[in-house]
Amino acid sequence: MEGLKALIFDVDGTLAETEELHRQAFNRTFQDFGLDWHWSVDTYRDLLKTAGGKERLRVWRDRVGARVSDATITELHKEKTGHYGRLMSEAGVRLRPGIADLMDFARKNGLKRAIATTTNRPNVDALCLAAFGRPAQDLFDTIAAGDEVPAKKPAPDVYLLALERLEVAAGEAIAFEDSRIGVLSAKAAGLRVIAAPSLYTTSDRLDEADLTAPALSLELVREASAFFSGAFSG
Ligand SMILES: [Mg+2]
């Protein structure tokens, strides 16, 4: 593993299958606000092509031609974040296979751990408490989240921010993703990417990833590190 210095994780769909909780939180919010909106599983899968909750709400508003202001979108999103946190603490969520092993492996081998996500920080905190039983800042060296960068995935910004904070070059890290926009974002930042599709991204094209597998595992990362050894020889 010489040359490898960091593992960078996407959150939703990668650390855990969180998208269903997000969808339910959005639908609860629409009810609260008296909106006749409802996102089915298929609708939400399609909306996930847009990164970021507020951005997704705007796409939907424009699609259905609703007279909902950007200020209201901001309020909806805030309410949704509250619902998501409550749903997360009530229902809980489990880490996807391989994640706990990867985190353990990183810790034992002195690799830095980071998050690069387009979700917001409260959502990251809620997930880490529910799934790891620990706060996010105890688990990751840096968390590059949602509104910290101007352009969301598939733009490379959030990955570039994570790399900058880690003080690690793109060639010294591996990114873990579950979606097409995530893979494109990490590749645009110059990273090697291992992708494992999640429930909501099974029909995403992930062929730009360096390696794809049905699920993440330590074995996969060992294989990848051999595969990438050229990149990590420096
Ligand atoms: Mg994802």
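Fair warning: this is a prediction, and the values are worked out from it, not measured in the lab. (Residues numbered from 1 in each chain as written. Predicted model: local features only at pLDDT ≥ 70, side-chain atom pairs only at ≥ 80, totals over all residues. Heavy atoms only, no water.)

The next subject is the overall build of the protein. Helix and strand content of the protein: 10 helices and 6 strands. What you see for the protein is a C-alpha radius of gyration of 17 Å, in line with the 17 Å of a compact globule of 234 residues. In terms of its C-alpha atoms, the protein occupies a principal-axis envelope of roughly 55 × 30 × 30 Å. Burial analysis of the protein (234 residues in total) assigns 53% to the buried set. Summarising the internal contacts of the protein: among those between residues at least 6 apart in sequence, 64% fall at separations of at least 24. Here the protein displays about 10400 Å² of accessible surface, and carbon together with sulfur accounts for 49% of that area. The distance from the centre of the 30 positive side-chain charges to the centre of the 35 negative ones in the protein is 1 Å. (Helix = DSSP H or I, 4+ residues; strand = E, 2+ residues; numbered from the N terminus. Rg over C-alpha atoms; globule rule 2.2 N^0.38 Å. Buried < 20%, exposed > 50% of the residue type's maximum accessible area, 1.4 Å probe, protein only. Contact = heavy atoms within 4.5 Å. Areas by Shrake-Rupley, 256 points an atom, 1.4 Å probe, with all protein chains shown as cover. Lys, Arg positive; Asp, Glu negative; His and termini not counted. Charge placed at Lys NZ, Arg CZ, Asp CG, Glu CD.)

Two side chains carrying opposite charge are able to pair once their charged atoms lie near each other. Counted under the stated rule, the structure contains 22 salt bridges. Here Asp62 and Arg61 are joined by a salt bridge, their closest N and O atoms 3.0 Å apart. Relative accessible area serves as the criterion here: at 54%, Asp62 is assigned to the exposed category. A salt bridge links Arg61 to Asp70; the shortest N-O distance between them is 2.8 Å. Owing to a relative accessible area of 12%, Arg61 belongs among the buried residues under this scheme. Each member of the salt-bridge network shares a partner with another, and the members are Lys54, Glu55, Asp147 and Lys152. (Salt bridge = Lys/Arg side-chain N within 4 Å of Asp/Glu carboxyl O.)

Close contact between helix H4 (residues 70-91) and helix H6 (residues 121-131) brings their axes to 9 Å; oriented N to C, the two are set at 5°. By the angle between their axes, H4 is roughly parallel relative to H6. Here Lys80, Thr81, Tyr84, Gly85 and Met88 of H4 come into contact with H6, specifically with Pro122, Asn123, Ala126, Leu127 and Ala130. Partitioned by chemical class, the residues of the contact of H4 with H6 number 6 nonpolar, 3 polar and 1 charged. (Axes fitted to C-alpha atoms, helices over the stretch in contact; angles between N-to-C directions. Parallel < 35°, antiparallel > 145°, perpendicular 65-115°, else oblique. Nonpolar A, V, L, I, M, F, W, Y, C, P; charged D, E, K, R; others polar.)

With that out of the way, let us pick up the environment of Ala151. Examined against the element boundaries, Ala151 turns out to sit in the loop between strand E3 (142-144) and helix H8 (157-166). For the pair Ala151 and Thr118, spaced 33 residues apart in the sequence, the C-alpha separation amounts to 9.3 Å.

The assigned domain composition of the protein is domain 1 (6-17 + 94-227) and domain 2 (19-91). With centres defined by C-alpha atoms, the gap from domain 1 to domain 2 works out at 24 Å. Facing 17 residues of domain 1, the contacting portion of domain 2 comprises 20 residues. Summed over both sides, the interface between domain 1 and domain 2 buries roughly 1500 Å², with carbon and sulfur atoms accounting for 55% of that surface. When the buried area of domain 1 at its contact with domain 2 is split by residue, Asp12, Asn123 and Tyr200 rank highest and sum to 43% of it. Across the domain 1-domain 2 interface, the total number found is 2 salt bridges. Two residues, Glu55 and Lys152, come together in a salt bridge whose shortest N-O distance is 3.3 Å. Here domain 1 is connected to domain 2 by 6 residue pairs in polar contact (both at pLDDT 80 or more). Taken together, the residues that form the side of domain 1 that touches domain 2 break down as 7 nonpolar, 5 polar and 5 charged. (Domains from an automatic or database assignment. Buried area = accessible area lost by both parts, 1.4 Å probe. Polar contact = N/O pair within 3.5 Å; in protein donor to acceptor, adjacent residues only side chain to side chain.)

Moving on, we get to the sheet that holds strand E2 (residues 112-116). Strands sit in the order E3-E2-E1-E4-E5-E6 across an open sheet of 6 strands; the sheet is parallel. The strands lining the two open edges of the sheet, one partner per strand, are E3 and strand E6 (211-212). Here E2 pairs with E3 via 3 bridges, running parallel. From the neighbouring strand, Ile115 faces E3, where its bridge partner is Ile143. Sitting on the sheet, helix H5 (residues 99-108) touches strand E1 (6-9), E2 and strand E4 (173-177), and the angle it makes with E1 is about 150°. Strand contacts of helix H9 (residues 180-188): E4 and strand E5 (192-195), with the helix running at about 165° to E5, the strand carrying the most contacts. (Pairing = 2+ DSSP bridges.)

This brings us to the coordination of the magnesium ion. Distances from the magnesium ion to its protein donors, Asp10 (OD), Asp12 (O) and Asp178 (OD), fall within 2.1 to 2.2 Å. Expressed as a motif, the donor residue spacing for the magnesium ion is D-x1-D-x165-D. Of this pair, Asp10 sits in the loop between E1 and helix H1 (19-32) while Asp178 sits in the loop between E4 and H9, and the two are 168 residues apart along the sequence. (Donors = N, O, S within 2.8 Å, 3.2 Å for Na, K, Ca; no water.)

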